[in-house]
Every structure is written in structure tokens, then in C-alpha cells.
Amino acid sequence: MRLPFGLLLASVAAGLLSVAAALLAMPAASLQFGLVTLLALLGHVLASRGVRRVRWAVAAGLALLAVVAAMRLSWYQEQVDETGWLTFGQGAAKAALLARWREMIDRERLAALGLALGVLCLAAGVVALPSRGRRRGVATTVVALLLLAWFGLGLAREFGRYPLPNLLGTVWPALLAALVTMGALALSGRRADRRRLLPVGLVLLSLGAANAYSDLAAAWSGWWVMARPAEGAFLSVGVAVSTSSESFPQVSPALEAAIALAGAGLVAVGALHSSGEADAA
């Protein structure tokens, strides 16, 4: 068995284990197997043949996504290891809760920035692929525009409910990631491999980036409501506040893991196949 193929099989196996762990409510194991999946994909890309600028761009994107996965795993372990209860008065407890909440939002924004940089590198790999004709890109352009319209409708609803500068100041990395992946999807049709793995992977990555935006926006909006409640609203520590955006469907952790890992894998393999087919032609 050749090394690239063996690493690809390892990535598929680890990805399936990550999704299964998420289904069984084992987030730590899911994050660990997800990290192994991305590292195996990275090794597969580095060990494979192809146009150098495409291969290195895709490898850089996968490496950044692996860094994000490692950060999430570290943060989860810190959260599990933390112990202790708040013993202050209600005002001090609320201040501590808001500070902790804001720290979690800042971490998610850092992860979104890593995601944005990762998809920028993957998009650079897509752009580096040779174009094969205009007609091949019509379908992916239409799909990208439909996704952009759906995403834009959700953005418009969020912008109407919260202060625009404050919201954009937090969610811009996730917003950038979503827009970049949709742009890469529009360009991928002319550069896709015969099996169309590249466009399918970019559709999944676009959905994953949109979900990352939705999660980050929901976390920030909840913090905003708690920190600056509207007149006549009474909130107390320990009372759950529903802040999920109605504009974006909520997905399970297992489906979220499947979309993210399958998207990254299909983009990596599709880019390599497209590069190889272009060289053969």
C-alpha cells in the first residue's frame, strides 16, 4: 500500500470515528479523532504528487484547520478541568458569568479567524488550478449565488436586531470564511476534477462556515442581551436565554463534524485529482 493512499484511508477511518463519537455525546473523543483526520489529510497531500503551488496551498489550509481543531480540543479540556462554584452575591456572580462568557466568545472568534485563514489558503489552491472552460462553471456559480442569497437573508435579519458595528466587530472572521468559501465554490466549476469532488467539498465547507457564523453570532447576541438588557427585561444568573438565530438551521454536533471533515477531505482530494488530470491532459 502506498503511503498517500494509506494516509487517505486513515483520515476516512478517523473521520468516521469522530462523527460516531459526536453521536455518542463524547465531544473530547470527537475532537481528537477530528484532529487525527486533518493531520492524516495533511500527510496525504504532502505525500502526493501534483502542481506544487496547489499542493502547498491546500496543505497550508489543512494545517490551519488542524491548528483550529487542536485549539478547540485544548479549550474543551480546560473547561472540563475547571472546578469551583461562584459564592459571590448576585451582582458579582453576574459580572463573573459575563466575563467568562465574553472569554468564550473571544476564543470562538480566534477559531473563526483560523478557519478564515484556512479557507483562504484552500481558495488559493483552487485559483491556482488551471481553468478548463467557461461552461463547466455555470452550475457551481448558480449554487454559490443561491448559498450567498440564503446567507445574506440571514445576515439581514441579524443586522436588524442588533447594533451593526458591534456585531460585525465580533463575527467578521466567520463572515469572511463564509464569503471566501462561497467565492471559491463559484470558481471551482471551471477547475473541478471529473468526479466533481472539489465543488462538493466547497459546498460542505460553505455550509460549515455559515454554521460557524451562526454559532458565533448566537453566542454574541446572548451575551449582548445579558450585558445590556432592554428596558423592562429582567434577567438573572442561572436562567437560560435562547439566542439561536432563526435564520440558520441548528445542526447536531455529529452532523457539524461530518460536514466540516468531509468538506475538507473532498476539497483536498478534489484539488489533487484536478491537478493530476490537468497535468495528464
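Residues numbered from 1 in each chain as written. Predicted model: local features only at pLDDT ≥ 70, side-chain atom pairs only at ≥ 80, totals over all residues. Heavy atoms only, no water.

**Side note on the overall build of the protein**
Thought 1: A count of helical and extended segments in the protein gives eight helices and zero strands.
Thought 2: N-terminal to C-terminal, the α/β element order of the protein is α-α-α-α-α-α-α-α.
Thought 3: In the protein, buried positions account for 42% of the 281 residues.
Thought 4: Looking at the protein alone, contacts between residues at least 24 apart form 83% of all its contacts between residues at least 6 apart. (Helix = DSSP H or I, 4+ residues; strand = E, 2+ residues; numbered from the N terminus. Buried < 20%, exposed > 50% of the residue type's maximum accessible area, 1.4 Å probe, protein only. Contact = heavy atoms within 4.5 Å.)

**Observations concerning the packing of aromatic side chains**
Thought 1: Going through the model one piece at a time under the given rule, you end up with two aromatic pairs.
Thought 2: Each ring, one from F151 and one from Y213, has its centre 5.4 Å from the other, and the planes form 75 degrees; the classification is edge-to-face. With F151 in helix α5 (residues 138–161) and Y213 in helix α7 (residues 197–227), this pair connects stretches of sequence that are 62 residues apart.
Thought 3: The class of Y213 is buried, set by a relative accessible area of 1%.
Thought 4: Against the face of W223 rests R102, its NZ or CZ located 4.9 Å from the ring centre. (Phe/Tyr/Trp six-rings, centres within 6.5 Å; stacked < 30°, edge-to-face > 60°. Lys NZ or Arg CZ within 6 Å of the ring centre and 35° of its normal.)

**So, the layout of surface pockets**
Thought 1: What the largest pocket holds in volume is close to 1,600 Å³.
Thought 2: Taken together, 45 residues make up the lining of the largest pocket; nearest its centre are L31, R72, E108, D215 and E256.
Thought 3: Contributing elements (two or more residues each) for the lining of the largest pocket: α1 (3–23), α2 (27–47), α3 (52–81), α4 (90–128), α7 and α8 (253–280).
Thought 4: Here the lining of the largest pocket is built from residues that sort into 31 nonpolar, eight polar and six charged. (1 Å grid on protein atoms, 1.4 Å probe; cavity = no way out; pocket = protein on both sides within 12 Å on 5 of 7 lines; lining within 4 Å. Points joined across faces, edges and corners; volume = space filled by probe spheres on them. Nonpolar A, V, L, I, M, F, W, Y, C, P; charged D, E, K, R; others polar.)

**Overview of the confidence of the model for the protein**
Thought 1: Per-chain confidence: the protein averages 84 in pLDDT, with 83% of residues scoring 70 or above.
Thought 2: No element of the protein has a lower mean pLDDT than α5, which averages 85, and none a higher one than α2, which averages 95.
Thought 3: Confidence drops under pLDDT 50 across residues 229–244; counting only partners more than four residues distant or on other chains, this segment forms 18 contacts. (pLDDT = per-residue confidence, 0-100.)

**So, the pattern of salt bridges**
Side chains that differ in sign of charge can pair as their charged atoms come close.
Thought 1: Counted under the stated rule, the structure contains six salt bridges.
Thought 2: The shortest N-O distance in the salt bridge between R72 and E108 comes to 3.0 Å. Placement of the pair is R72 in helix α3 and E108 in helix α4, with a sequence separation of 36 residues.
Thought 3: Of the residues examined, E108 reaches a relative accessible area of 30% and is grouped as partly exposed.
Thought 4: A salt bridge links R109 to D106, with the shortest nitrogen-to-oxygen separation between them at 3.3 Å. (Salt bridge = Lys/Arg side-chain N within 4 Å of Asp/Glu carboxyl O.)

**A word on α1**
Thought 1: Between its first and last C-alpha atoms α1 spans 30 Å; for 21 residues at 1.5 Å apiece the expected length is 30 Å, and the two agree.
Thought 2: Along α1, the positions that sit buried rather than exposed are P4, S11, A14, G15, S18, A21 and A22. For α1, the arc enclosing every buried residue in end-on projection is 125 degrees, short of the 170-degree limit, so these residues lie on one face. With respect to the buried face of α1, the exposed residues turned more than 90 degrees away are L16 and L23.
Thought 3: Of the residues one or two after α1, A25 is the one with positive phi, at around 60 degrees. (Expected span 1.5 Å × (residues − 1). Arc of directions from axis to C-beta.)

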